[in-house]
Amino acid sequence: MKLDNATIASCLRSAAAALAVLFLIGWTERVVSHPVHRSPPLKDPKTHQAVRELSQHAQRKELEEDTSIRLMPRASADQNHMEICCLHANILNFYLNNILHKYSDEHPSMHQLKTDLHRVSEDLQDQGCNLTHYHNHRQTVEFRRKLEKMEGERGINKAVGEIDILFTYLHDYCEAPTPFANATNDADNEN
């Protein structure tokens with residue numbers, strides 16, 4: 001079978017068009033993508049409610065002098081979303097391994113909440129958060145130091161009382177931005 005120039009040119013145009021579409025898709029994904037996508041429990045209103053109730057339950061048990069202390073590190077303006085997300089994912093992992101199991105019998109929704117938070121931790125690790133990288137981060141060390149200083153049940157209670165702050169950071173910083181927001185940010189950065 002002989003191919004004429006018109007057939008070859010037609011095939012090349014089709015291939016070039018397909019290649020152009022693939023490049024465009026790749027470029028669009030770069031603009032729209034973000035290294036972390038929101039874990040399902042971070043979207044679930046029931047999880048938000050359970051976190052809020054647990055936090056309020058612990059806060060009601062706080063001593064008066066503990067209300068002015070904050071364990072949870074604040075997000076810094078010089079950190080990007082991924083860094084803030086992974087830093088707080090590390091702290092979540094610390095909660096799961098060292099805090100929540102000591103508070104397990106204190107709240108009726110604790111079992112389901114721990115399951116949801118384990119899922120968040122696993123999802124964030126799957127999306128690229130290297131928790132060991134943040135283990136010795138200044139803010140993580142500061143959190144653990146403050147918790148140790150409060151000692152025992154008092155510190156555990158304070159940490160559980162701040163789980164709503166932790167969850168808010170995870171919710172706000174561990175999500176893929178919307179395409180519109182990214183396009184707007186990219187346009188602002190070009191100007």
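Residues numbered from 1 in each chain as written. Predicted model: local features only at pLDDT ≥ 70, side-chain atom pairs only at ≥ 80, totals over all residues. Heavy atoms only, no water.

- The name an unreviewed UniProt entry assigns to the protein is Interleukin-22, from the organism Crenichthys baileyi.

## Brief notes about the state of the cysteines
Each disulfide consists of one covalent bond between the sulfur atoms belonging to two cysteines.
Right, on to step 1. Scanning all chains against the criterion turns up two disulfides.
Right, on to step 2. The disulfide that involves Cys 85 links it to Cys 174, with 2.0 Å between the sulfurs. The sign of the S-S torsion, about 115 degrees, decides the handedness of the disulfide formed by Cys 85 and Cys 174: right-handed. Linking Cys 85 in helix 4 (residues 81-99) with Cys 174 in the loop between helix 8 (163-173) and helix 9 (179-190), this pair joins segments that are 89 residues apart in sequence.
Right, on to step 3. By relative accessible area, Cys 85 is classed as buried at 1%.
Right, on to step 4. Put simply, Cys 86 and Cys 129 are joined by a disulfide, and their sulfur atoms are 2.1 Å apart. On the sign convention where negative is left-handed, the bridge of Cys 86 and Cys 129, at about -85 degrees about the S-S bond, is left-handed. A residue pair is termed long-range when its members are at least 10 positions apart, and Cys 86 in helix 4 and Cys 129 in the loop between helix 5 (110-126) and helix 6 (138-150) qualify at 43 residues. Considered together, Cys 86 and Cys 129 belong to a single accessibility category, that of buried residues.
Right, on to step 5. Taken in sequence order, the bonded cysteines of the protein link in the pattern 1-4, 2-3. (Disulfide = S-S within 2.5 Å. Helix = DSSP H or I, 4+ residues; strand = E, 2+ residues; numbered from the N terminus. Buried < 20%, exposed > 50% of the residue type's maximum accessible area, 1.4 Å probe, protein only.)

## As for helix 5
Right, on to step 1. Along its 17 residues, helix 5 runs 24 Å from first to last C-alpha, staying within 8% of the 24 Å computed at 1.5 Å per residue.
Right, on to step 2. Looking only at helix 5, the buried set comprises Met 110, Leu 113, Lys 114, Asp 116, Leu 117, Val 120, Ser 121, Asp 123 and Leu 124.
Right, on to step 3. Those residues of helix 5 hidden inside the fold are in contact with helix 2 (40-43), helix 3 (45-60), helix 4 and helix 8.
Right, on to step 4. Residue Gly 128 follows helix 5 closely and has a positive phi angle near 120 degrees. (Expected span 1.5 Å × (residues − 1). Contact = heavy atoms within 4.5 Å.)

## Focus: helix 8
Right, on to step 1. Considered for burial, the residues of helix 8 that qualify are Ile 163, Leu 166, Phe 167, Tyr 169, Leu 170, His 171 and Tyr 173.
Right, on to step 2. Looking at the buried positions of helix 8, the neighbouring elements they touch are helix 2, helix 3, helix 4, helix 5 and helix 7 (152-161).

## A short note on the side chain of Lys 158
Right, on to step 1. When you line up the elements, Lys 158 lands in helix 7.
Right, on to step 2. Lys 158 sits in the buried class, given a relative accessible area of 4%.
Right, on to step 3. A distance of 2.8 Å separates the side chain of Lys 158 from the backbone oxygen of Asp 66, its partner in a polar contact.
Right, on to step 4. For Lys 158, the residues in contact, after removing those within four places along its chain, are Glu 62, Asp 66, Thr 67, Ile 69, Leu 71 and Met 150. (Polar contact = N/O pair within 3.5 Å; in protein donor to acceptor, adjacent residues only side chain to side chain.)

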